[in-house]
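Residue strings, one per chain:
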Amino acid sequence: MELSVQTHFSPRLSSSSRTLLLHKHNPICKPNTLLFKSSTNSSSIQIFYHQSCSTTAFKQQNKTLFIRACTQVGAAGSDPALDKISEFADAFWRFLRPHTIRGTALGSISLVTRALIENPNLIRWSLLLKAVSGLLALICGNGYIVGINQIYDIGIDKINKPFLPIAAGDLSVQHAWILVLFFAVAGLVTVGLNFGPFITTLYSIGLFLGTIYSVPPLRMKRFPIIAFLIIATVRGFLLNFGVYYATRSALGLPFVWSSAVAFITTFVTLFALVIAITKDLSDVEGDRKFQISTLATKLGVRNIAFLGTGLLLINYIGSVLAAIYMPQAFRGSLMIPAHTLLGSSLIFQAWLLEKANYSKEAISGFYRFIWNLFYIEYIIFPLI
């Protein structure tokens, strides 16, 4: 199969490179080998992609994809400084685990929006800077937690997630430590200067839980139940309660639980528990090798997929019932059909996973779909 691609592609080739072996950074697959052949007399680069697993686009095993990419890269067309910046930016972005950042950002924006909708007369432009600083602090906290986990999971990630920058050799452990320490300090200073001692305490608790989850000798991720509770607490309760509390405080209002905020906090806490359970589905091989005990290694992939699906269906059924029995608190015209549709799509995805016989590709797709459901819930939350 041959594809001709006209692109401004900037692979990592020096002017003297003849052959370079790389790992394709694909979160779905095992390391794939890319063979680049370059000529100093031509700007044409030949890329031979030997696929070692099925992907969504190509479902045949061991298929060789030949791509001839005509680029502007020539013998002298590369700037080493720009190449290094580009490489670091790519590694840095993967180090942050973008799918977790999207969840954190959407969650905070959604809760702030809800608080403002409830109090439109208190909205003022001076709050924008505080909102932005809060979002940056949350991203720093997220970066610290996922970063410290990668530092202590290098061996496991080389098997389960070889696309991550430390495991792939694209980011040194020393640089990773500099980043996580920066995230922790920057986040704490930002929260301390802008949101007072109570929110700073909540933020510190989140960092502490993220630390003991990954760092020896405690390394709580070894114990499935404790690990799930940590993830659910940080991503569920602390994020939702903390952001809503901080927003009302910035508006000059005392904290009061509203039905909507109680709903989203409960919903997301259970959802985060499901994310914690299902994230291990594709990691069984590495977890077993490094003796990391998870429900997936103990009970099997199929049983955990069923468990996660069942827990999420409880969420969606509960959402519909809440709208039916509390019409004064929720907009049933949106909440009922939206959660019915989301629950039905979840059942369909679980059926597809079963039909695919729980292949690694299908498991990865199922996990991504769960994260998409997570994002959607935050998107519709201000409207319900």
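Just so we're clear, the structure is a prediction, and the values are computed from it rather than from any experiment.

Caption draft 1: Looking closely at the overall build of the chain. For the chain, the helix and strand inventory stands at 13 helices and 5 strands. Burial statistics for the chain: of 384 residues in total, 48% are counted as buried. Taking all contacts inside the chain whose residues are at least 6 apart in sequence as the whole, residues at least 24 apart take part in 68%. Summing over all exposed atoms, the chain offers an accessible surface of approximately 18700 Å²; the carbon and sulfur share of this is 66%.

Caption draft 2: Here's a closer look at the UniProt feature "transmembrane region" (unreviewed entry) in the chain. According to UniProt, the "transmembrane region" (unreviewed entry) feature falls on residues 123-145, 166-189, 225-245, 257-278, 299-326, 332-353 and 365-383. Secondary structure across residues 299-326 divides into 93% helix and 0% strand, with the first and last C-alpha atoms of the span separated by 38 Å. Helix makes up 100% of residues 332-353 and strand 0%, and the two end C-alpha atoms of the span are 31 Å apart.

Caption draft 3: Molecular detail of the packing of helix H6 (residues 173-214) against helix H7 (residues 224-250). Here H6 crosses H7 at 165°, and the two axes come no closer than 10 Å. Accordingly, the angle class assigned to the pair H6 and H7 is roughly antiparallel. In this structure, H6 meets H7 at a crossing whose hand is left-handed. In contact with Phe195, Phe198, Ile199, Leu202, Ile205, Gly206, Leu209, Ile212 and Tyr213 of H6, H7 contributes Ala227, Ile230, Ile231, Thr233, Val234, Leu238, Phe241, Gly242, Tyr245 and Ala246. Split by residue class, the contact of H6 with H7 holds 16 nonpolar, 3 polar and no charged.

Caption draft 4: Structural view of the packing of aromatic side chains. Tallying each qualifying case throughout the model produces 22 aromatic pairs. Members of the aromatic cluster, connected to one another through ring pairs, are Phe263, Phe267, Phe271, Tyr316, Phe330, Trp371, Phe374, Tyr375 and Tyr378. The side chain of Arg114 reaches across the aromatic face of Phe381, ending 5.5 Å from its centre. Over the face of the ring belonging to Phe195 we find Lys130, whose NZ or CZ atom lies 5.8 Å from the ring centre.

Caption draft 5: Representation of the pattern of salt bridges. For the structure on display, the rule yields 8 salt bridges. Linking Asp283 and Lys161 is a salt bridge whose minimum nitrogen-to-oxygen distance equals 2.7 Å. Of this pair, Asp283 sits in the loop between helix H8 (259-278) and helix H9 (284-289) while Lys161 sits in the loop between helix H4 (154-160) and helix H5 (165-168), and the two are 122 residues apart along the sequence. Residue classification places Asp283 among the buried residues on the basis of a relative accessible area of 4%. A relative accessible area of 18% means that Lys161 is categorised as buried. We note a salt bridge from Arg302 to Glu354, for which the minimum N-O separation is 3.1 Å. You can see Arg302 sitting in helix H11 (residues 301-325) and its partner Glu354 sitting in helix H12 (residues 332-355), a full 52 residues away along the chain. For Arg302, a relative accessible area of 40% puts it in the partly exposed group.

What counts and how
Residues numbered from 1 in each chain as written. Predicted model: local features only at pLDDT ≥ 70, side-chain atom pairs only at ≥ 80, totals over all residues. Heavy atoms only, no water. Helix = DSSP H or I, 4+ residues; strand = E, 2+ residues; numbered from the N terminus. Buried < 20%, exposed > 50% of the residue type's maximum accessible area, 1.4 Å probe, protein only. Contact = heavy atoms within 4.5 Å. Areas by Shrake-Rupley, 256 points an atom, 1.4 Å probe, with all protein chains shown as cover. UniProt positions renumbered as here; feature names shortened; annotations may be inferred. Axes fitted to C-alpha atoms, helices over the stretch in contact; angles between N-to-C directions. Parallel < 35°, antiparallel > 145°, perpendicular 65-115°, else oblique. Left-handed = near helix turned anticlockwise from the far one by under 90°. Nonpolar A, V, L, I, M, F, W, Y, C, P; charged D, E, K, R; others polar. Phe/Tyr/Trp six-rings, centres within 6.5 Å; stacked < 30°, edge-to-face > 60°. Lys NZ or Arg CZ within 6 Å of the ring centre and 35° of its normal. Salt bridge = Lys/Arg side-chain N within 4 Å of Asp/Glu carboxyl O.

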